[in-house]
Amino acid sequence: MKHLEMFSNRLTRMSKHWKKWARRRGITCFRIYDRDIPQVPIVIDLYENFCLVSEYLNSYPMSDEERESERDTIRNFIIEILQITPENLFWKTRERKKGNLQYEKLDTQEKSIQANEGGLKFKVNLSDYLDTGLFLDHRTTRDLFRKEASGKNVLNLYSYTGAFSVYAADGGAKKITSVDLSQKYLDWSKENFELNGFSHEEHEFIREDITEWLKRERTNIKRTQYDLIIVDPPTFSNSKKMRDIFDVQRDYSFLLNSIFRDFSAPGAILFFSTNFRKFKLDADELLWEDIQDITKQTHPEDFRNEKIRFVWKMRK
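Going along each chain's sequence as written, the residues are numbered from 1 onward. Whole-chain, interface and lining totals are the exception, using all residues; otherwise, since this is a predicted model, local features are given only for residues with pLDDT of at least 70 and side-chain atom pairs are given and counted only at 80 or more. Computation of side-chain values: all heavy atoms of the structure, hydrogens and water removed.

- Under an unreviewed UniProt entry, the protein has the name SAM-dependent methyltransferase and belongs to Leptospira selangorensis.

**Some thoughts on the overall build of the protein**
Move 1: Numbering of helices and strands runs from the N terminus, with a helix taken as a DSSP run of H or I at least four residues long and a strand as a DSSP run of E at least two residues long. Across its full length, the protein carries 7 helices and 15 strands.
Move 2: With the radius of gyration taken over C-alpha atoms, the globule rule is written as 2.2 Å times the number of residues to the power 0.38. A compact globule built from 316 residues would reach a C-alpha radius of gyration of about 20 Å, and the protein, at 20 Å, matches this within 12%.
Move 3: In terms of overall dimensions, the protein has a C-alpha envelope of 65 × 40 × 35 Å along the principal axes.
Move 4: Buried, partly exposed and exposed residues are distinguished by accessible area as a fraction of the type maximum, computed with a 1.4 Å probe on protein chains only: under 20%, between the cut-offs, and over 50%, respectively. In the protein, which comprises 316 residues, the share counted as buried stands at 54%.
Move 5: Every residue pair with non-hydrogen atoms within 4.5 Å of one another is taken to be in contact. If you take every contact in the protein between residues at least 6 apart in sequence, the share linking residues at least 24 apart comes to 65%.
Move 6: Note on areas: Shrake-Rupley with a 1.4 Å probe; residue coverage comes only from the protein chains shown. For the protein, the accessible area works out to roughly 15500 Å², and carbon and sulfur atoms hold 46% of it.
Move 7: Counted as positive: Lys and Arg. Counted as negative: Asp and Glu, with His and the chain ends omitted from the count. Throughout, a charge is located at the NZ atom of Lys, the CZ atom of Arg, the CG atom of Asp or the CD atom of Glu. Positive and negative side-chain charges of the protein, numbering 53 and 51 respectively, have mean locations separated by a distance of 2 Å.

**Considerations on the domain arrangement of the protein**
Move 1: Residue ranges for the domains trace back to a domain assignment, done automatically or taken from a database. Domain annotation for the protein reports domain 1 (1–93) and domain 2 (112–315).
Move 2: Here the C-alpha centroids of domain 1 and domain 2 sit 30 Å apart.
Move 3: Using a 1.4 Å probe, buried area is obtained as the accessible area two parts lose upon being combined, added over both of them. Buried surface at the junction of domain 1 and domain 2, summed over both partners, amounts to about 1900 Å²; 59% is from carbon and sulfur atoms.
Move 4: We define a salt bridge as a contact between a side-chain nitrogen of Lys or Arg and a carboxyl oxygen of Asp or Glu at a distance within 4 Å. Our count for the contact surface shared by domain 1 and domain 2 stands at 2 salt bridges.
Move 5: Ionic pairing is found between Arg-25 and Glu-301, a salt bridge with its closest N-O pair at 3.8 Å.
Move 6: For the purposes of these results, a polar contact is taken to be a pair of N or O atoms within 3.5 Å, where, inside protein, one atom must be able to donate a hydrogen and its partner to accept one; residues adjacent in sequence count only when each atom of the pair is a side-chain atom. Here domain 1 is connected to domain 2 by 10 residue pairs in polar contact (both at pLDDT 80 or more).
Move 7: Broken down by secondary-structure element, the contributors of at least two residues to the side of domain 1 that touches domain 2 are α1 (2–25), β1 (29–34), β2 (42–47), β3 (50–55) and β4 (89–93).
Move 8: Considering each element in turn, the side of domain 1 that touches domain 2 owes the most residues, 4 residues, to β1.
Move 9: Note that Gly is not counted as nonpolar here; it falls among the polar residues with everything else outside the nonpolar set of Ala, Val, Leu, Ile, Met, Phe, Trp, Tyr, Cys and Pro and the charged set of Asp, Glu, Lys and Arg. Across the side of domain 1 that touches domain 2, the residue classes break down as 9 nonpolar, 3 polar and 8 charged.

**Here we look at empty space enclosed by the protein**
Move 1: As defined here, a cavity is a set of points on a 1 Å grid over the protein atoms alone where a 1.4 Å probe fits but cannot get out. A pocket is an open set with protein on both sides within 12 Å along at least five of seven lines, and residues line them when an atom is within 4 Å of a point. Grid points are joined across faces, edges and corners, and a volume is the space filled by probe spheres set on the points. The full count for this structure, using the stated rule, is 1 cavity of 30 Å³ or more.
Move 2: Estimated volume of the largest cavity: approximately 110 Å³.
Move 3: Lining the largest cavity are 13 residues, with Glu-55, Asn-58, Arg-67, Glu-70 and Ile-74 positioned closest to its centre.
Move 4: With 4 residues, helix α2 (residues 64–82) is the largest single contributor of residues to the lining of the largest cavity.
Move 5: Residue composition of the lining of the largest cavity, grouped by class: 7 nonpolar, 2 polar and 4 charged.

**Observations regarding the sheet that holds strand β15 (residues 310–315)**
Move 1: In spatial order, the strands read β9-β8-β7-β10-β13-β15-β14; together these 7 strands make up an open sheet with mixed pairing. Unpaired on one side and paired on the other, β9 (204–207) and β14 (289–293) mark the two borders of the sheet. Across this sheet, the average inter-strand angle for adjacent strands is 15°, counted without regard to direction.
Move 2: Two strands make a pair as long as DSSP finds a minimum of two bridges between them. As judged from the 5 bridges shared by strand β10 (residues 226–231) and strand β13 (residues 264–274), these two strands associate in the parallel manner. If you follow Val-231 over to β13, its bridge partner there is Phe-272.
Move 3: Fitting a line to C-alpha atoms yields each axis, with helices limited to the stretch in contact; the angle taken between N-to-C directions then spans 0 to 180 degrees. Where helix α7 (residues 248–262) meets the sheet, it contacts β7 (153–157), β10, β13 and β15, and its direction lies at approximately 160° from that of β13.

**Things to note about the packing of helix α6 (residues 210–217) against α7**
Move 1: It is at 11 Å that the axes of α6 and α7 come closest, and there the two elements cross at 35°. The two elements α6 and α7 meet at a crossing, and its hand is left-handed. Residues Ile-210, Thr-211, Leu-214 and Lys-215 of α6 touch α7, and the partners they reach there are Phe-254, Leu-255, Ser-258 and Ile-259.
Move 2: Of the residues contributing to the contact of α6 with α7, the split by class is 5 nonpolar, 2 polar and 1 charged. The crossing is said to be left-handed when, going from far helix to near helix, the turn is anticlockwise and less than a right angle, and right-handed when the turn is clockwise.

**What about α1?**
Move 1: With 24 residues, α1 ought to run about 34 Å at 1.5 Å a step, and its terminal C-alpha atoms sit 35 Å apart, in line with that.
Move 2: Structurally, α1 contributes buried residues whose contacts are with β1, β2, α2 and α3 (139–147).
Move 3: Directly beyond the C-terminal end of α1, a positive phi value near 70° is found at Gly-26. Multiplying 1.5 Å by the helix residue count minus one yields the expected span of that helix.

**A short note on the pattern of salt bridges**
Move 1: Here the structure, examined in full by the defined rule, presents 22 salt bridges.
Move 2: Through salt bridges with shared partners, a single network forms among Glu-117, Arg-139, Arg-142 and Asp-302.

**Observations concerning the packing of aromatic side chains**
Move 1: The aromatic pairing rule takes the rings of Phe, Tyr and Trp, using the six-membered ring of Trp, and pairs them if the centres are within 6.5 Å, calling planes under 30 degrees apart stacked, those over 60 edge-to-face and the rest tilted. Using the criterion set out here, one finds 21 aromatic pairs in the structure.
Move 2: Ring centres of Phe-145 and Phe-271 lie 5.6 Å apart, and the angle between their planes is 75°; on these two criteria the pair is classed as edge-to-face. Of this pair, Phe-145 sits in helix α3 while Phe-271 sits in strand β13, and the two are 126 residues apart along the sequence. The pair formed by Phe-145 and Phe-271 is uniform in burial state, with each residue classed as buried.
Move 3: Judged by centre distance (5.1 Å) and plane angle (80°), the ring pair of Phe-260 and Trp-288 falls under edge-to-face.

In structure tokens, the structure reads:
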């Protein structure tokens, strides 16, 4: 089929381009194919000598047998062109999911490797979850965050595996507080700290529902006032560990204004991001000032799709 031939040619050309690009930057985890051809709606990310394929819904009519045959052909192209072993290829099917569903376990292989980015090392798990533990689309945002971190008290809400916290530590942050609902990801964050020679004991890792933590901690007269904050919440979450449902469009103003009033030091800088594609930010609802949309500025070069997330930078 012509589209499969087009895919083969496209992958050959783009893999050479992005591998050279990554070598020049010391990056070992990056994207080489981003649903470039509509009939082949997959994303291909490289992590060291491993390949992660994310398959999206293919709306082109075909039988299940035809789809499986085409999938095998694509898989063989990837193995041959990228020169990887079959066991180093991980294939995952992505569907639109809400809340913490993208973080639920898919497998128990525990295929974890170390990847490099921005002069730092990160543990990534290619087998067990839909996401690997490192969101490649925030590579540039993390670097901007690092440049703001020197000597500051840093707060990382919805911290996941702590990549922003590690960047802040590398940037010379005074103290870093990472808050997430999952102990699994907080432990993973500590591993990432240790991988880079940073002692996690010098910082805080708090397992808590962020909304409840904000409500409770604001009554603590000794609470920390933060100079640099990153807020990257899920679009929607109804985790059993939470008291209430979280909806980013509905709840973002409460979230950001609560941080402004109770947790931000004078002159504080906050980065806010969401991957909800229909999200609308109303600056009039926020107490923060100098609100800058830095989405285009932080878009990674190796991502063809520019509508993957929004990022704002704001000041107190």
